[in-house]
Amino acid sequence: IAGVLDVKTVPFMPSEREHQEMEALMKALPDLVFALDDRARINHVSEAVLSLLRLEKKEILGLPAASLLKGFPFSAWLADPGLQAEIGKLEFAGEAWLGEIRPLRLAEPQGLAVLVGALVVLKSSRRSGPGLHRQAADADSRLEQFTAESPVMQALLHQARRQALQDLPLLIQGETGTGKEMLARACHHASLRARGPLVILNCAALPDEVLEHELFGSSAGAFGPQWPGKLGLLEQASGGSFLLDEVAEMSPLLQSKLLRVLEDGRFHRVGQQEEVRVDVRILATSRHVLAERVQQGLFREDLFFRLSVLSLEMPPLRHRQADIVPLAQQCVARICEQLQRARPRLPRRLLECLSRYRWPGNVRQLKNALYQALTLLDGEELTPEALRLPMLDNQPEEEEAWFEGSLQEAGKRFERAMLERLYPSHPSSRQLAKRLGISHTAVANKLREHGLGKPDEQTQAPGTGPQR
């Protein structure tokens, strides 16, 4: 070709190269980024958004921004002729974020800037300064922050909201790692004493003489002429709530002294004859079943009845099947923020592994396993192998039970186990049928055969629909 002196092969055309660079940037960014058009519809998102929502990009593009990002009038803001950049609190995927919202303008040949859309960047409030950090920590201690997709957790939070408003002792029991202290904090913040302090005493961490001193305080001179005295934790909690963490570990002597406080709010400081009176609400947690400890003679019966005027039972994670995946996603998001790294992809086989595992250490074990895996992760995908979950000692015995009886009997046992595992996270039988790859009628028959599902699903005759 006349005038062409040299030819060079390039991997991309300029526009293609720019597009590829933009895609690489959006994948590498740890923050959540949304690009909006001039009608406040989403036309681009970062990889962190897709990882958090577990959606494909095609499922998000074109959606109104307000359908995912709550708390800001995007359409009205874009329609304002004098719009300026904004910073505000937004809600996305059930969490609070600090949102930076900036208009996008392109220059025309005449030199005029034309509005073409907006850019929204979400950053965790935990990385946005001490004031917002305190707000986030406070928000984590509220009932609304609990993941409650499972029916058992929804029922618990319904009870907690009602009992939190009563100014009576509240006992929270549950296995280790289920989140009893977090629930106690949330009940305090939902109570009429929310403006008062919440003071916590770990009953299992201190010996008797130290525990009594911490609980009731001491008068001046109680331990020598130079002793100035000390205000006990009960007095520090006056006007608020006092949490006895692992109250079952308290000695019989301290149990009798605590009983007097529950009766009339009075006690004696160490080394002082005069009574002190406080106005506190007593909260207590225990990983032991206190009623059983009473029968074993390890806990005072009268104190048990005083503490359990109101009571809540924190369910183990294995009974919250529908909560496991959302909890894992929430943990991954927060851990990645702490480690300041991009969120990895969470493949389906990982989520199924998390759902199958029994989690003997409950929510605490889930958080610790994910933290360790993300700390050591080098790639962009979190796999089941990275979790390093310890197997239970009785697993071989459980596996051996699968091989008892005939092939048909073993098949029925497996079928029932699979339905029991999947039904809580697929409450609609049509969703369950789609998950299993069979018809809705077949699923309804199998649920009825194994006595699973809702009562109406169990009693409905095959081939009949709901009566209108």
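Residues numbered from 1 in each chain as written. Predicted model: local features only at pLDDT ≥ 70, side-chain atom pairs only at ≥ 80, totals over all residues. Heavy atoms only, no water.

With that settled, the discussion passes to helix α7 (residues 180-189). Three or more residues of α7 are buried, namely Lys180, Leu183, Ala184, Ala186, Cys187 and His188. Looking at the buried residues of α7, the elements they touch are α6 (151-164), β6 (170-174), β7 (198-202), β10 (241-245), β13 (281-286) and β14 (310-314). (Buried < 20%, exposed > 50% of the residue type's maximum accessible area, 1.4 Å probe, protein only. Helix = DSSP H or I, 4+ residues; strand = E, 2+ residues; numbered from the N terminus. Contact = heavy atoms within 4.5 Å.)

What follows concerns the pairing of strand β4 (residues 95-107). For strand β3 (residues 86-92) and β4, the ladder comprises 7 bridges, and the chain directions are antiparallel. Residue pairing for β4: leucine 90 is matched across the bridge by tryptophan 97. Between β3 and the antiparallel strand that follows it, β4, lie 2 residues; alanine 93 among them carries a positive phi value of about 55 degrees. (Pairing = 2+ DSSP bridges.)

A few words on the sheet that holds β7. Strands belonging to one sheet form pairs held by backbone hydrogen bonds; the direction of such a pair is parallel or antiparallel. The sheet built from 5 strands is open, its strands ordered β7-β10-β13-β6-β14 with parallel pairing. The outermost strands of the open sheet, each flanked by one partner alone, are β7 and β14. The sheet shows a mean angle of 20 degrees between the axes of neighbouring strands, taken without regard to direction. As paired strands, β6 and β14 are joined by 5 bridges and run parallel to one another. Within β14, the residue paired with isoleucine 172 across the bridge is leucine 312. (Axes fitted to C-alpha atoms, helices over the stretch in contact; angles between N-to-C directions.)

Now for unusual backbone geometry. In this structure, glutamate 246 takes a positive phi of about 55 degrees despite not being glycine. Among the secondary structure elements, glutamate 246 is positioned in the loop between β10 and α10 (252-264). A positive phi angle is found at glutamine 340, which is not glycine, with a value near 55 degrees. Mapped onto the elements, glutamine 340 comes out in the loop between α13 (324-339) and α14 (348-356).

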